[in-house]
Amino acid sequence: MEFQGRKNRRASAEEKAKELEVIKGLVCGKNVVITGGASGLGYSFVNHFLQHGAKRVAIIDVNASAGERAVKAVAKLYGEEKVIFIHADTSNYSQMLDTFTQLSTSMDSIDIVINNAGILDEKRWTKEVAVNIGGMVSVATLALRFMRKDQGGHGGVLVNVAQYFDFKFTAHLPIYTATKFAIIALSQSLGASYHADNTGVRVMALCPGLTETALTIDSPNKLLSRVMKVDFVKNLEQLSIQTPYIVAEGLMTILKCGESGSVWVVENGKTPFEIETPAYKSLKRQYKNNFIPSPMIHMMRGRPIRETYDDMRSGLTSCG
Ligand SMILES: NC(=O)c1ccc[n+]([C@@H]2O[C@H](COP(=O)([O-])OP(=O)(O)OC[C@H]3O[C@@H](n4cnc5c(N)ncnc54)[C@H](O)[C@@H]3O)[C@@H](O)[C@H]2O)c1
């Protein structure tokens, strides 16, 4: 028994070492751009890429003091030449364009982009939408423009940081949830073979579960209304929280095995798993008595009716 246990441990240690080798092969010598890399998840990504042999990492962050602190700490561990900090706001397109133009010369090529900068601030939702959708779209399109093979680039990888939610838990975060789902759709569309075959850029979405960062810690104070705070905190307490380190490890695995257009979740401190989006028609909910005239369909047997169908208009019937 003891012998068998030791053999299994050796086998899994060997597998881990092999995986590490493959990841190092993918990251070694590569130039990486990470938005929001000065703290939280982004900072953990910076350290993981350098640990795995990245040639250089560029941190783009709106927080100048955090950026400088991050660069100092990283330079101490890996060397000054390994890290660049650019103070810029992802939601400002012209700043992003300048940043990518500058990086494409100072880094000679951009190989991997981690589109991570995001905020949770339901009260300031115009800013939230501007950063979480506007900023992410700007960075994603610029990453493609500077990496795409069909326009002189070398190809590469783009990972957009989104979040996959159980709607049971997100009633308190309607706008943040909407922005994060938008990024899943963006990644699936840009990652489709229609784009990937021409650009040579693999696009994926990484959806971390609840992770211990400033964003999570401040979240109870960023809701649309204070009234929701108690319920929100109660919900948070039901979830298990993971460290940024685990998410960064998951990101490395995703880089190794994720196909373009794929969506990955890293939650509860476990290894990543892929989410498949079902064809929407397979999700169609069907009700009996679909012929009820439309002004009456809002209630049936005391229950609200949530969906209507084209079938109603076309006269086709569908019986659940
Ligand atoms: N923490 C979680 O539980 C969690 C879960 C899922 C997804 N996410 C997503 O992960 C990403 C990182 O979140 P985090 O938890 O590390 O947050 P964080 O607040 O700890 O760190 C975010 C970093 O991004 C920077 N930033 C914010 N807005 C920026 C902008 N406009 N331009 C440039 N930099 C900007 C901040 O200065 C900070 O350094 C976000 O997109 C977030 O939505 C977080």
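Everything quoted here is computed from the prediction, not taken from an experiment.

## Points about the pairing of strand β1 (residues 31-35)
Counting buried positions along β1 yields five of five residues, so the element is predominantly enclosed. The side-chain alternation of β1 yields two buried faces, one formed by N31, V33 and T35 and the other by V32 and I34. Pairing geometry for β1 and strand β2 (residues 56-61), over five bridges, is parallel. What sits directly across from N31, in β2, is R56. Taken together, β1, helix α2 (residues 40-51) and β2 constitute a β-α-β crossover, and its handedness is right-handed. Summarising the sheet, β1 and strand β4 (residues 112-115) pair through three bridges and their orientation is parallel. Bridging across to β4, V32 finds its partner in I112.

## Looking at the packing of helix α5 (residues 125-147) against helix α6 (residues 174-191)
As a packed pair, α5 and α6 sit with axes 9 Å apart at the nearest point and diverge in direction by 15 degrees. With respect to their mutual orientation, α5 and α6 come out roughly parallel. Seen along the crossing, α5 lies across α6 with a hand that is right-handed. Residues W125, E128, V129, N132, I133, M136, V137, A140 and L144 of α5 form the contact with α6, whose own contacting residues are I175, Y176, T179, K180, A182, I183, L186 and L190.

## A look at helix α4 (residues 93-106)
Because each turn of an α-helix spans 3.6 residues, side chains separated by three or four positions in sequence point in the same direction. Helix length check: α4, at 14 residues, gives a terminal C-alpha distance of 20 Å against a target of 20 Å (1.5 Å per residue), a fit within 8%. Among all positions in α4, only M96, T99, F100 and L103 are buried. The buried residues of α4 occupy an angular sector of 95 degrees when the element is viewed end-on, so they sit on one face. Along α4, exposed side chains directed more than 90 degrees from the buried face belong to S94, T101 and T105. Where α4 is buried, its residues touch β1, β2, β3 (83-87) and α5. Positioned one or two residues after α4, D108 has a phi angle of 55 degrees, which is positive.

## Some remarks on unusual backbone geometry
At D108, a position not held by glycine, the phi torsion is positive, near 55 degrees. Inspection of the secondary structure puts D108 in the loop between α4 and β4. Positive phi is not limited to glycine here, since N268 has a value of about 55 degrees. Positionally, N268 belongs in the loop between β7 (263-266) and β8 (273-275). Look at N268 and you get exposed, because 12 C-beta atoms sit within 10 Å.

## Some details on the site of the ligand
Not every one of the 30 residues close to the ligand is listed here, only the nearest: G36, G40, G118, T213 and L215. Where the shell around the ligand is concerned, the elements lending two or more residues are α2, β2, α5 and α8 (214-218). For the shell around the ligand, the class distribution of residues is 13 nonpolar, 15 polar and two charged.

## A look at the sheet that holds β2
As summarised here, the arrangement of the eight strands in space is β3-β2-β1-β4-β5-β6-β7-β8, forming an open sheet in which the pairing is mixed. The outermost strands of the open sheet, each flanked by one partner alone, are β3 and β8. Going across the sheet, the axis of each strand differs from the next one's by a mean of 20 degrees, ignoring polarity. Of the strand pairs in this sheet, strand β5 (residues 156-161) and strand β6 (residues 201-208) are connected by six bridges, and their pairing is parallel. If you follow V159 over to β6, its bridge partner there is M204. Packing against the sheet, α6 makes contact with β5, β6 and β7, and its axis sits at approximately 160 degrees to β6.

## With respect to the environment of A192
Here A192 is to be found in the loop between α6 and α7 (193-199). As a C-alpha pair, A192 and E259 span 67 residues in sequence and 9.7 Å in three-dimensional space.

Thresholds applied
Residues numbered from 1 in each chain as written. Predicted model: local features only at pLDDT ≥ 70, side-chain atom pairs only at ≥ 80, totals over all residues. Buried ≥ 20, exposed ≤ 12 C-beta atoms within 10 Å, placed from the backbone. Helix = DSSP H or I, 4+ residues; strand = E, 2+ residues; numbered from the N terminus. Pairing = 2+ DSSP bridges. Right-handed = clockwise from strand over helix to strand, strands pointing away. Axes fitted to C-alpha atoms, helices over the stretch in contact; angles between N-to-C directions. Parallel < 35°, antiparallel > 145°, perpendicular 65-115°, else oblique. Left-handed = near helix turned anticlockwise from the far one by under 90°. Contact = placed C-beta atoms within 7 Å. Expected span 1.5 Å × (residues − 1). Arc of directions from axis to C-beta. Near = placed C-beta within 6 Å. Nonpolar A, V, L, I, M, F, W, Y, C, P; charged D, E, K, R; others polar.

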